[in-house]
Amino acid sequence: MQIQKVLTNLTKRGFKPFYFEDRKEALDFVLNLIPQNASVGVGGSMTIKQLELDNLLAKRGNTVYSHSLVSPELRDKVYQLAYSSDWYLSSTNALSEEGDFVNIDGTANRISALSFGVKNILYVLGNNKISPDLESAIDRARNIAAPPNAKRLNKNTPCATSGQCCMCDSEDCICNATLISHHPTRYQENVYVVIINETLGY
Ligand code: SF4
């Protein structure tokens, strides 16, 4: 993977990409980028959790809406608040070297916010999320990202035990809707992409 090629392709697509050798530089950049008085919605993301970015933003004064931080009965409300935040923070299940983001959701709260709900988007991802092309990015989202997520979320799906996707029709399926983002959409004002030279998330 040639990172310069990825950055060039993302720029051509209209995204605003930045590359960092380590998480400290990346976190400093993000904390400078997002205004301290902004509300920030957060999608379910192991990368964001590993970086503790939601906690860092909350501690320094941002209002953070993250369904993973609240009890189940408050989740619907937090989904709505995250969807109408000033910023939305997410990783991605995969990014093709050509500049396509692939995300698969069970509830679709994240892909709704990433495609329409929020004007300022920030993707944060480790270099392990980058796939050579769109086809392999879709395959990554299904076969590398989704099974460990199903297991982590205690879902009753075949992949949670086998570690492989079989395109299930389970009631617990976490793959109900797929978003492929080729460009920022018309509603979006800024779509930043922070790539860190580390393995992060699934
Ligand atoms: S088995 Fe079902 S839940 Fe698991 S990755 Fe495949 S479609 Fe998604």
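Keep in mind that this is a model prediction, so the values were computed, not measured.

Student: Residue-level account of the overall build of the protein, with values.
Tutor: Scanning the protein from N- to C-terminus turns up eight helices and 10 strands. Relative to its length of 202 residues, the protein is compact, with a C-alpha radius of gyration of 16 Å against a globular reference of 17 Å. Summarising its shape, the C-alpha atoms of the protein cover approximately 40 × 40 × 30 Å along the three principal directions. By the burial criterion, 43% of the 202 residues in the protein qualify as buried.

Student: So what's going on with the sheet that holds strand β8 (residues 130-131)? Which residues, and what values?
Tutor: Across a sheet, paired strands are connected by hydrogen bonds in the backbone, their directions being either parallel or antiparallel. The strand order across the open sheet built from four strands is β8-β5-β6-β9, with neighbouring strands paired in mixed fashion. Single-partner strands in this sheet number two, and they are β8 and β9 (177-181). In terms of strand pairing, strand β5 (residues 94-96) meets β8 through two bridges, oriented parallel. In the sheet register, Ser96 faces β8, and the bridge partner there is Ser131.

Student: With reference to specific residues and values, describe the site of the ligand.
Tutor: Neighbouring the ligand are 15 residues, the closest being Ala146, Cys159, Cys165, Cys168 and Cys175. Examining the composition of the shell around the ligand, we find that four residues originate from one element, helix α7 (residues 134-152), more than from any other. Grouping the constituent residues of the shell around the ligand by class yields 12 nonpolar, two polar and one charged.

Student: Lay out the packing of helix α5 (residues 75-83) against helix α6 (residues 109-117) with the relevant residues and their values.
Tutor: Orientation of α5 relative to α6, taken along the N-to-C sense of each, is 20°, at an axis distance of 9 Å. What the angle tells us is that α5 and α6 run roughly parallel. Between α5 and α6 lies a crossing whose hand is right-handed. Mapping the contact onto sequence places Tyr79, Ala82 and Tyr83 in α5 and Asn109, Ser112, Ala113 and Gly117 in α6. Residues that form the contact of α5 with α6 fall into these classes: four nonpolar, three polar and no charged.

Conventions and cut-offs
- Residues numbered from 1 in each chain as written.
- Predicted model: local features only at pLDDT ≥ 70, side-chain atom pairs only at ≥ 80, totals over all residues.
- Helix = DSSP H or I, 4+ residues; strand = E, 2+ residues; numbered from the N terminus.
- Rg over C-alpha atoms; globule rule 2.2 N^0.38 Å.
- Buried ≥ 20, exposed ≤ 12 C-beta atoms within 10 Å, placed from the backbone.
- Pairing = 2+ DSSP bridges.
- Near = placed C-beta within 6 Å.
- Nonpolar A, V, L, I, M, F, W, Y, C, P; charged D, E, K, R; others polar.
- Axes fitted to C-alpha atoms, helices over the stretch in contact; angles between N-to-C directions.
- Parallel < 35°, antiparallel > 145°, perpendicular 65-115°, else oblique.
- Left-handed = near helix turned anticlockwise from the far one by under 90°.
- Contact = placed C-beta atoms within 7 Å.

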